[in-house]
Amino acid sequence: MSGANDRIAEATDQAFKELFPKPEGAGDDYELIPQLLVLLMEAMALEGKTLNPALVNRILNALKTYKP
C-alpha cells in the first residue's frame, strides 16, 4: 500500500503543478497544497455523514473555483 500511496502522491503533485504552476514569490509550503487537499478530501469522505452538508458544499465549491 505504501508504494501505491507514493505513486498516487506523485501523480497528484504532477497534476497540481501542471494545473497551478507555482506563482512567483510563493514559499516552499506551496508544494504542500496538493497533499493538504488530498487529506482534506479524505477527511471529508470519512466524516461525510457527520459534516454539515452546507459546509461540505462550500468547501468543495472553494476547491473547484480556486485560482492562484
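Further up the page is the structure itself.
Fair warning: this is a prediction, and the values are worked out from it, not measured in the lab. (Residues numbered from 1 in each chain as written. Predicted model: local features only at pLDDT ≥ 70, side-chain atom pairs only at ≥ 80, totals over all residues. Heavy atoms only, no water.)

### Side note on the overall build of the protein chain
Counting secondary structure elements, the protein chain contains three helices and zero strands. Each helix and strand of the protein chain, ordered N terminal to C terminal, gives the series α-α-α. Computed over the C-alpha atoms, the radius of gyration of the protein chain is 14 Å, more than 25% above the 11 Å expected from 2.2 N^0.38 for a compact globule of 68 residues. Expressed as lengths along the three principal axes of its C-alpha atoms, the size of the protein chain is roughly 35 × 30 × 15 Å. (Helix = DSSP H or I, 4+ residues; strand = E, 2+ residues; numbered from the N terminus. Rg over C-alpha atoms; globule rule 2.2 N^0.38 Å.)

### Considering the pattern of salt bridges
Taken as a whole and judged by the stated rule, the model has one salt bridge. Here Lys 22 makes a salt bridge to Glu 31, at a shortest N to O gap of 3.7 Å. Under the relative-accessibility criterion, Glu 31 is labelled partly exposed at 48%. (Salt bridge = Lys/Arg side-chain N within 4 Å of Asp/Glu carboxyl O. Buried < 20%, exposed > 50% of the residue type's maximum accessible area, 1.4 Å probe, protein only.)

### Side note on the packing of helix H2 (residues 33-46) against helix H3 (residues 53-65)
Orientation of H2 relative to H3, taken along the N-to-C sense of each, is 155°, at an axis distance of 12 Å. The angle between H2 and H3 falls in the class roughly antiparallel. Seen along the crossing, H2 lies across H3 with a hand that is left-handed. Facing H2, whose interface residues are Leu 37, Leu 40, Met 41 and Met 44, H3 presents Val 56, Ile 59, Leu 60 and Leu 63. For the contact of H2 with H3, the per-class residue count stands at eight nonpolar, no polar and no charged. (Axes fitted to C-alpha atoms, helices over the stretch in contact; angles between N-to-C directions. Parallel < 35°, antiparallel > 145°, perpendicular 65-115°, else oblique. Left-handed = near helix turned anticlockwise from the far one by under 90°. Contact = heavy atoms within 4.5 Å. Nonpolar A, V, L, I, M, F, W, Y, C, P; charged D, E, K, R; others polar.)

### Regarding the packing of aromatic side chains
All told, the structure shown has two aromatic pairs when counted by the stated rule. Aromatic side chains Phe 16 and Phe 20 sit 5.1 Å apart centroid to centroid with 45° between the ring planes, which places their arrangement in the tilted category. On the basis of relative accessibility, which here comes to 8%, the residue Phe 16 falls in the buried class. Measuring from centroid to centroid gives 5.7 Å for Phe 16 and Tyr 30, while their planes differ by 50°, and the two rings are tilted. Of this pair, Phe 16 sits in helix H1 (residues 2-19) while Tyr 30 sits in the loop between H1 and H2, placing them 14 residues apart in sequence. Like Tyr 30, Phe 16 is buried. In textbook terms, an aromatic cluster arises when at least three aromatic residues are bridged by ring pairs, as seen for Phe 16, Phe 20 and Tyr 30. (Phe/Tyr/Trp six-rings, centres within 6.5 Å; stacked < 30°, edge-to-face > 60°.)

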